[in-house]
Amino acid sequence: MATLFTIPIPPCTDHQGGAIVCTEPSPAVYLLTFTSPPDNRLTTPFCRAFLAALDVLEFGPHKPGVVITTSGIPKFYSNGLDLKHAVETEGFWPLLYQVWKRLLTYPMPTVALINGHAFAGGLMLATAHDYRLTPSRGFLCLNELLFGAPLKPAMAALFRVKLPPTSFRTLILEAHRFTGAEAVTAGLADAEAPQGLEDALAFVEKKQLKDKPRTGVYGALKLEMYKDLVAVLEGPEMESDERRFEQAPSVESERKEFGRVWYEQWQKDNASKPKL
């Protein structure tokens, strides 16, 4: 396959950088392969490169079609955020949400060909696509519970909109590692793709996805579908949710202190009562 274009991913902190390469494995099917060793972390340069690749496909001389994303690293689709970078880098969260919004409203069908592990932010990136195809090896997991990180409001909103309630609960409150087959059963993905790109191209043909953007309303339809989620990702609603999220630790601390005082009083009250 000939390379249509390449978007470099500059180095960032401990991440050496890499590139997003666009090829056309079938007419009007554009494959974006990101390779940013060791595990495709979603850094600021990665997010900017990804947005640039989507812009080139939409605004360049390319026929509308289907966008498939995958990884050039066999073990990982993406291992998620670099949390230290995310927390310490001004503007990172709005940039990440811009990536999701771009996918949620993109005027062509998007397919995440998950060819390895998709953890935390990597799974969020895949979930923002229209369709997800899962690997024969590798897990899909939201592991915030395991390392004690609360979900930001936009993160929870993304999965709340995209998943059935029971699968949402299993993903969030059990930190379950879904196999490819389990992810399809749970509604987290649309189909398995053990043969990788071959299965992805067959999926595109089965769904006739290349025909979908021809009338020019595909993006507008998606925007209306996801208008409430898009509102969470930008503007006053996002700012309000972020303030609530930032205040949550102090609210929880006050609740626990009130509970401690209540328990001490309960002990005193019950200590004076005669035991039967």
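Residues numbered from 1 in each chain as written. Predicted model: local features only at pLDDT ≥ 70, side-chain atom pairs only at ≥ 80, totals over all residues. Heavy atoms only, no water.

**With respect to empty space enclosed by the protein**
Any empty space left between the atoms is revealed when a probe the size of a water molecule rolls over them.
Consideration 1: Applying the stated rule across the entire model yields one cavity of 30 Å³ or more.
Consideration 2: In this structure, the largest cavity is lined by Leu-42, Phe-46, Cys-47, Phe-50, Leu-96, Val-99, Trp-100 and Leu-125.
Consideration 3: Among the residues forming the lining of the largest cavity, the class breakdown is eight nonpolar, no polar and no charged. (1 Å grid on protein atoms, 1.4 Å probe; cavity = no way out; pocket = protein on both sides within 12 Å on 5 of 7 lines; lining within 4 Å. Points joined across faces, edges and corners; volume = space filled by probe spheres on them. Nonpolar A, V, L, I, M, F, W, Y, C, P; charged D, E, K, R; others polar.)

**Concerning the pattern of salt bridges**
Consideration 1: In total, this model carries eleven salt bridges according to the counting rule given.
Consideration 2: Put simply, Glu-234 and Lys-101 hold a salt bridge, and the shortest N to O gap is 2.7 Å. One end of the pair, Glu-234, is in the loop between α11 (227–232) and α12 (235–271); the other, Lys-101, is in helix α3 (residues 92–104), with 133 residues separating them in the sequence.
Consideration 3: Residue class for Glu-234 comes out partly exposed when judged on its relative accessible area of 34%. (Salt bridge = Lys/Arg side-chain N within 4 Å of Asp/Glu carboxyl O. Helix = DSSP H or I, 4+ residues; strand = E, 2+ residues; numbered from the N terminus. Buried < 20%, exposed > 50% of the residue type's maximum accessible area, 1.4 Å probe, protein only.)

**Re the sheet that holds strand β4 (residues 66–71)**
Backbone-to-backbone hydrogen bonds pair the strands of a sheet. The strands run either parallel or antiparallel.
Consideration 1: Read across the sheet, seven strands follow the order β1-β2-β3-β4-β6-β8-β10 without closing on themselves; strand pairing throughout is mixed. Both outer strands of the open sheet, β1 (3–9) and β10 (191–192), are each paired with one neighbouring strand and no more.
Consideration 2: Where helix α9 (residues 197–207) meets the sheet, it contacts β2 (18–26), β3 (29–35), β4, β6 (110–113), β8 (131–134) and β10, and its direction lies at approximately 160 degrees from that of β4. (Pairing = 2+ DSSP bridges. Contact = heavy atoms within 4.5 Å. Axes fitted to C-alpha atoms, helices over the stretch in contact; angles between N-to-C directions.)

**Some points on the sheet that holds strand β9 (residues 140–141)**
Consideration 1: One open sheet accounts for three strands, arranged β5-β7-β9; its pairing is parallel. Since the sheet does not close on itself, it has two edges, and those belong to β5 (76–78) and β9, each with one partner.
Consideration 2: Examined bridge by bridge, strand β7 (residues 117–119) and β9 share two bridges and lie parallel to one another. By the bridge assignment for β9, Ala-118 is matched with Leu-140.

**Remarks on the layout of surface pockets**
Consideration 1: Here the largest pocket defines a volume of roughly 330 Å³.
Consideration 2: Leu-81, Leu-83, Glu-144, Phe-147 and Ala-149 are, among the 19 residues lining the largest pocket, the residues nearest its centre.
Consideration 3: Those elements that provide at least two residues to the lining of the largest pocket are α2 (83–88), α4 (121–127) and α5 (144–147).
Consideration 4: Broken down by class, the residue content of the lining of the largest pocket amounts to twelve nonpolar, four polar and three charged.

**Description of the packing of aromatic side chains**
Two descriptors summarise a pair of aromatic rings, namely the distance from one centre to the other and the angle between the planes of the rings.
Consideration 1: Across all of its chains, the model carries eight aromatic pairs by this definition.
Consideration 2: When the centroid spacing of 5.4 Å and the interplanar angle of 75 degrees are considered together, the rings of Phe-92 and Trp-93 count as edge-to-face. For the pair Phe-92 and Trp-93, one class covers both residues: buried.
Consideration 3: Aromatic side chains Tyr-263 and Trp-266 sit 5.8 Å apart centroid to centroid with 20 degrees between the ring planes, which places their arrangement in the stacked category. Taken together, the positions of Tyr-263 and Trp-266, both in helix α12 and three residues apart, correspond to about one turn of that helix.
Consideration 4: Clustering of aromatic rings is evident, with ring pairs tying together Phe-34, Phe-46, Phe-50 and Tyr-77.
Consideration 5: Residue placement shows Lys-152 over the ring face of Trp-93; its charged tip is 4.7 Å from the ring centre. (Phe/Tyr/Trp six-rings, centres within 6.5 Å; stacked < 30°, edge-to-face > 60°. Lys NZ or Arg CZ within 6 Å of the ring centre and 35° of its normal.)

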